[in-house]
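Survey of secondary and tertiary structure
Listed below, chain by chain, are the residues.
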Amino acid sequence: MARTKSSKPARAEQASGEEAPNPVWFKPVMFGFMLLGLAWIIVFYVSQGRLPIADLGSWNILIGFGIAFVGFLMTTRWR
């Protein structure tokens, strides 16, 4: 006799609206951007504007916030 039904339930397919979970590297990169931006700003303040790039002056704050902002934007895609 041939079996018409499998003993194992069929795997439920994902609905088109659901997305797959993030890759393994996503969370470390996200937190890395946030921490790198914070570290950039802290180094700027502690070095009194001489580091990380002295020629940029106060633009270093904008760069630090920009790097951290990329990390915060990534949180919107975190599953």
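Residues numbered from 1 in each chain as written. Predicted model: local features only at pLDDT ≥ 70, side-chain atom pairs only at ≥ 80, totals over all residues. Heavy atoms only, no water.

Let us now look at the environment of Arg79. Within the fold, Arg79 resides in the segment after helix H2 (59-74). In sequence terms Arg79 and Asn22 are 57 residues apart; their C-alpha atoms lie 6.1 Å from each other. For Arg79, the contacting residues outside a window of four places in its chain are Glu19, Ala20, Pro21 and Asn22. A distance of 3.2 Å separates a polar atom in the side chain of Arg79 from a polar atom in the side chain of Glu19. (Helix = DSSP H or I, 4+ residues; strand = E, 2+ residues; numbered from the N terminus. Contact = heavy atoms within 4.5 Å. Polar contact = N/O pair within 3.5 Å; in protein donor to acceptor, adjacent residues only side chain to side chain.)

This paragraph deals with the packing of aromatic side chains. In this structure the tally under the stated criterion is three aromatic pairs. Taking the centre distance of 6.0 Å and the plane angle of 85° together, the rings of Phe31 and Trp78 count as edge-to-face. With a gap of 47 residues between them, Phe31 in helix H1 (residues 26-46) and Trp78 in the segment after H2 connect regions that are remote in the sequence. According to the relative accessible area criterion, Phe31 is partly exposed, its value standing at 38%. Trp78 sits in the partly exposed class, given a relative accessible area of 39%. (Phe/Tyr/Trp six-rings, centres within 6.5 Å; stacked < 30°, edge-to-face > 60°. Buried < 20%, exposed > 50% of the residue type's maximum accessible area, 1.4 Å probe, protein only.)

As a further point, take the UniProt feature "transmembrane region" (unreviewed entry) in the protein. Cross-referencing UniProt, the feature "transmembrane region" (unreviewed entry) maps to residues 29-47 and 59-78 in the present numbering. Span residues 29-47 is 95% helix and 0% strand, its end C-alpha atoms 26 Å apart. Here residues 59-78 is 80% helix and 0% strand, with 29 Å between the C-alpha atoms at its ends. (UniProt positions renumbered as here; feature names shortened; annotations may be inferred.)

To continue, consider H1. The end-to-end C-alpha distance of H1, which contains 21 residues, comes to 30 Å, matching closely the 30 Å that a straight helix rising 1.5 Å per residue would cover. Buried within H1 we find Phe26, Met30, Met34, Gly37, Trp40, Ile41 and Phe44. Buried residues of H1, seen end-on, are gathered within an arc of 120° and therefore sit on one face of the element. Residues of H1 that are exposed and point more than 90 degrees away from the buried face comprise Pro28, Leu35 and Val46. (Expected span 1.5 Å × (residues − 1). Arc of directions from axis to C-beta.)

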